[in-house]
Amino acid sequence: MNEFDYEVKERWGNTEVYAEFSAKTKGYSKERFEDINTGLEYIFRDFAELMKSGAEPSSTEAQALVKKLQDYITENYYTCNDEILADLGQMYVADEHFKNNIDKYATGTAEFASQAIVINT
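Residues numbered from 1 in each chain as written. Predicted model: local features only at pLDDT ≥ 70, side-chain atom pairs only at ≥ 80, totals over all residues. Heavy atoms only, no water.

K.L.:
Looking at this model, I keep getting lost on the overall build of the protein. Mind explaining?
P.N.:
The secondary structure content of the protein amounts to 7 helices and 0 strands. What you see in the protein, going N to C, is helices and strands ordered as α-α-α-α-α-α-α. Relative to its 121 residues, the protein shows a buried fraction of 37%. Once local pairs closer than 6 in sequence are excluded, the contacts in the protein between residues at least 24 apart make up 64%. Total accessible area on the protein stands at roughly 7,300 Å², and carbon and sulfur atoms take up 50% of it. (Helix = DSSP H or I, 4+ residues; strand = E, 2+ residues; numbered from the N terminus. Buried < 20%, exposed > 50% of the residue type's maximum accessible area, 1.4 Å probe, protein only. Contact = heavy atoms within 4.5 Å. Areas by Shrake-Rupley, 256 points an atom, 1.4 Å probe, with all protein chains shown as cover.)

Okay, here's the thing in structure tokens:
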């Protein structure tokens with residue numbers, strides 16, 4: 001377990017969402033996890049590209065990416081309802097690990113995605 005996985009388990013290990021995540025991903029191979037995580041990275045890369053194009057978080061394109069993100073999380077990790085999505089949006093800017101990881105595509109991507117999520121939820 002890497003440091004990030006340990007932190008996730010420490011913070012959310014006793015929640016229903018974490019239990020769902022554990023059950024859903026139990027049979028995932030290392031390669032499957034890598035593929036899924038890469039798909040998630042592509043969504044944040046798309047947020048970065050959209051932000052760099054000058055789009056607003058309220059734009060149709062940004063809102064479509066929020067929906068794509070929510071659906072992707074639900075399909076691959078756990079049920080991502082609007083409340084969870086809103087919490088994730090806050091975490092993307094409040095938690096330095098998440099912020100730095102998302103901002104690797106372009107500085108401000110985490111804030112852009114967070115704002116788009118706030119508008120959506």
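Resuming the write-up.
K.L.:
Teacher, can you tell me more about the packing of helix α3 (residues 30-52) against helix α4 (residues 60-76) here?
P.N.:
Think of two packed helices as two axes; the pair is described by the angle between the axes and how far apart they sit. For the pair α3 and α4, interaxial distance at closest approach is 10 Å and the crossing angle is 170°. By the angle between their directions, the pair α3 and α4 is classed as roughly antiparallel. Residue-level inspection shows R32, D35, I36, G39, L40, I43, F44, D46, F47 and L50 of α3 in contact with α4, the latter providing E61, A62, L65, V66, K68, L69, Y72, I73 and N76. Residue composition of the contact of α3 with α4, grouped by class: 12 nonpolar, 2 polar and 5 charged. (Axes fitted to C-alpha atoms, helices over the stretch in contact; angles between N-to-C directions. Parallel < 35°, antiparallel > 145°, perpendicular 65-115°, else oblique. Nonpolar A, V, L, I, M, F, W, Y, C, P; charged D, E, K, R; others polar.)

K.L.:
What's the story with the packing of aromatic side chains in this structure? I'm lost.
P.N.:
Two numbers describe a pair of aromatic rings. These are the distance of the centres and the angle of the planes. The full count for this structure, using the stated rule, is 7 aromatic pairs. A ring pair is formed by F47 and F112, whose centres lie 6.4 Å apart and whose planes are at 70°; its orientation type is edge-to-face. Residue F47 is located in helix α3, and its partner F112 is located in helix α7 (residues 109-120); the two are separated by 65 residues in the primary sequence. Among the aromatic side chains, those forming a connected cluster through ring pairs are F44, F47, Y92, F98 and F112. For the cation-ring pair, R32 lies above Y28, with the distance from its terminal atom to the ring centre recorded as 4.8 Å. (Phe/Tyr/Trp six-rings, centres within 6.5 Å; stacked < 30°, edge-to-face > 60°. Lys NZ or Arg CZ within 6 Å of the ring centre and 35° of its normal.)

K.L.:
Just to check I follow, could you spell out the pattern of salt bridges for this structure?
P.N.:
What the rule picks out here adds up to 6 salt bridges. We note a salt bridge from D71 to K67, for which the minimum N-O separation is 2.9 Å. With a gap of 4 residues between them, D71 and K67 both fall in helix α4, about one helical turn apart. A relative accessible area of 36% means that D71 is categorised as partly exposed. Of the residues examined, K67 reaches a relative accessible area of 44% and is grouped as partly exposed. (Salt bridge = Lys/Arg side-chain N within 4 Å of Asp/Glu carboxyl O.)

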